[in-house]
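What follows is each chain in one-letter form.
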Amino acid sequence: MAPSPQLAASTAATDSAPPAPIAAVPLRHPWRWVSGAVVGLAGAGLILSFAQNPNLDWPTVGEYLFAPLTLQGLATTLFLTVAAMAIGLAGGVVVAIMRLSPNPVLRVSSGLFVWVFRGTPVLLQLIFWGFIGAFLPRVVVGIPFTSVEFWSVSTSDLIPATVAALLALGLNEMAYASEIVRAGIQSVDHGQTEAAHSLGMTPARTMRRIVLPQAMRVIVPPMGNEVITMLKTTALVSVIAGRDLMSNLQMAYAQNFKIIPLLVVAAIWYLALTSILAVPQAWLERRYGRGVAGARESGVSRMLQLWKGGKK
């Protein structure tokens, strides 16, 4: 039985008419505002009580914030951070490739290196390198098992406190960076390497041009955290008088006994530097995550088109 003309016209009009807009009513969360107000008031009260404490001595904080002693220590801290991260990153790539090598000698040697330097505290390593002269008084270059010497120097002269700090921080970071780089390399599909080899690329060129650029998306976030951690770890150099920011401020408050104000000076500088370092880290994460972010965005756009278009 054929439908009546009126029913057919009504059905056609219903099919062609756009759907009515959905009136979305946002869900109210009054307790969020209450909890936010409570936390905000508590935080404001804590900050005010800290800032108004008479034992803080803000004039001393202002006096030492840009003092030559502080700025000299700050320069050493930045040097140690940059140099140790350069050593750690460059050496970490080499150690990571050695750990992934089919050569058992390279694999075992790199594994032992990571086991030693990652398994012992960085403070212990700093003290060891700072007092290496007690273990090895002189560094001698000559013919082994004979008394012939071509060159020798006192270990304490060859490795002063700053060099000892750089060795300890750089080698320790090398062990951690190697694991980060290894995880990034293993995150790249092995088919990429096979395809590069089939095109005639050497293993070194494949690693440099194909694998490492793709692994950077996994490597950059934890490595950025390692830079910030390294900046703060340099404060441990004070145990061997490395002339960093914390060492210089410790020498200052050992003379004037204004411990809390000078610790506040150190905290201000560390907070400022870590905030600055977070900016390039965020930029690098966006730079090496562009492909994934674009794919995710295009996928979301496609889903929206399917939802709006029905049959698209």
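No experiment lies behind these values; they were computed from the predicted model shown.

A. Inspection of the overall build of the protein at higher detail. Scanning the protein from terminus to terminus reveals 14 helices and 2 strands. Residues counted as buried form 31% of the 312 residues belonging to the protein. When the accessible area of the protein is evaluated, it comes to approximately 20300 Å², of which 69% is carbon and sulfur surface.

B. How the structure looks around the environment of G119. Topologically, G119 is positioned in helix α5 (residues 104–119). You can call G119 exposed: its relative accessible area is 60%. Remark: the alpha-carbon pair of G119 and A175, spanning 56 residues in sequence, is separated by 9.5 Å.

C. Looking closely at the UniProt feature "transmembrane region" (unreviewed entry) in the protein. Listed under "transmembrane region" (unreviewed entry) in the UniProt record, and renumbered for this structure, are residues 33–51, 71–100, 112–136 and 259–280. Regarding residues 33–51, the helix share stands at 100% and the strand share at 0%, and the terminal C-alpha atoms are separated by 27 Å. In residues 71–100, helix accounts for 97% and strand for 0%; the two terminal C-alpha atoms are 43 Å from one another.

D. Representation of the pairing of strand β2 (residues 149–154) within the structure. Pairing of strand β1 (residues 138–142) with β2, which is carried by 5 bridges, proceeds in the antiparallel orientation. Bridge pairing links V141 to W151 in β2. Between the antiparallel neighbours β1 and β2 lie 6 residues, among them F145 with a positive phi of about 65 degrees.

E. Local environment of helix α3 (residues 58–65). Restricting attention to buried positions, one finds in α3 the residues T60, V61, Y64 and L65. The buried side chains of α3 occupy one side of the element, clustering within an arc of 130 degrees when seen end-on. Along α3, the residues that are exposed and aim more than 90 degrees away from the buried face are P59 and E63. In this fold, the buried residues of α3 make contact with α4 (68–99), α12 (245–256) and α13 (259–288).

F. How the structure looks around the pattern of salt bridges. If you walk through the whole model with that rule in mind, you get 4 salt bridges. Across the pair D57 and K258 runs a salt bridge whose closest N-O atoms are separated by 3.9 Å. Of the two residues, D57 sits in the loop between α2 (30–51) and α3 while K258 sits in the loop between α12 and α13, which places them 201 residues apart along the sequence. Between R99 and E179 there is a salt bridge whose closest N-O contact spans 2.6 Å. Remark: E179 occurs in helix α9 (residues 161–187) and R99 occurs in helix α4; sequence separation between them is 80 residues. R99 gets classed as partly exposed once you look at its relative accessible area, which sits at 25%.

G. How the structure looks around the environment of V265. Take V265: it is sitting in helix α13. Between the C-alpha atom of V265 and that of T60, which follows or precedes it by 205 residues, the distance is 9.1 Å. If we ignore the near neighbours within four places in the chain, the residues touching V265 are V61, Y64, L65, T70 and L249.

H. Focus on the side chain of E179. Taking relative accessible area as the criterion, E179 reaches 16% and is therefore assigned buried. For E179, the side chain forms a polar contact with the side chain of R182, separated by 2.7 Å. With near-sequence residues (within four places) excluded, E179 lies in contact with R99, V114 and R118.

I. Up close: the layout of surface pockets. Space inside the largest pocket adds up to approximately 500 Å³. Around the largest pocket sit 22 residues that line it, and L89, M223, G224, V227 and L284 are the ones nearest its centre. Contributing elements (two or more residues each) for the lining of the largest pocket: α4, α11 (203–233) and α13. Among the elements that line the lining of the largest pocket, the one with the most residues is α11, at 8 residues. The class makeup of the residues in the lining of the largest pocket is 19 nonpolar, 3 polar and no charged.

J. Layout of the nonpolar core. Membership of the largest hydrophobic core comes to 35 residues, with the highest contact counts inside it found for F113, L169, M223 and V237. Top element by residues in this core is α9. It accounts for 12 residues. For F113, the contacting residues outside a window of four places in its chain are V95, L171, M174 and A175. With 20 residues, the next largest nonpolar core counts M246, Y253, A266 and W269 among its residues.

Scoring rules and cut-offs
- Residues numbered from 1 in each chain as written.
- Predicted model: local features only at pLDDT ≥ 70, side-chain atom pairs only at ≥ 80, totals over all residues.
- Heavy atoms only, no water.
- Helix = DSSP H or I, 4+ residues; strand = E, 2+ residues; numbered from the N terminus.
- Buried < 20%, exposed > 50% of the residue type's maximum accessible area, 1.4 Å probe, protein only.
- Areas by Shrake-Rupley, 256 points an atom, 1.4 Å probe, with all protein chains shown as cover.
- UniProt positions renumbered as here; feature names shortened; annotations may be inferred.
- Pairing = 2+ DSSP bridges.
- Arc of directions from axis to C-beta.
- Contact = heavy atoms within 4.5 Å.
- Salt bridge = Lys/Arg side-chain N within 4 Å of Asp/Glu carboxyl O.
- Polar contact = N/O pair within 3.5 Å; in protein donor to acceptor, adjacent residues only side chain to side chain.
- 1 Å grid on protein atoms, 1.4 Å probe; cavity = no way out; pocket = protein on both sides within 12 Å on 5 of 7 lines; lining within 4 Å.
- Points joined across faces, edges and corners; volume = space filled by probe spheres on them.
- Nonpolar A, V, L, I, M, F, W, Y, C, P; charged D, E, K, R; others polar.
- Core = buried A, V, L, I, M, F, W, Y, C linked by side-chain atoms within 4.5 Å.

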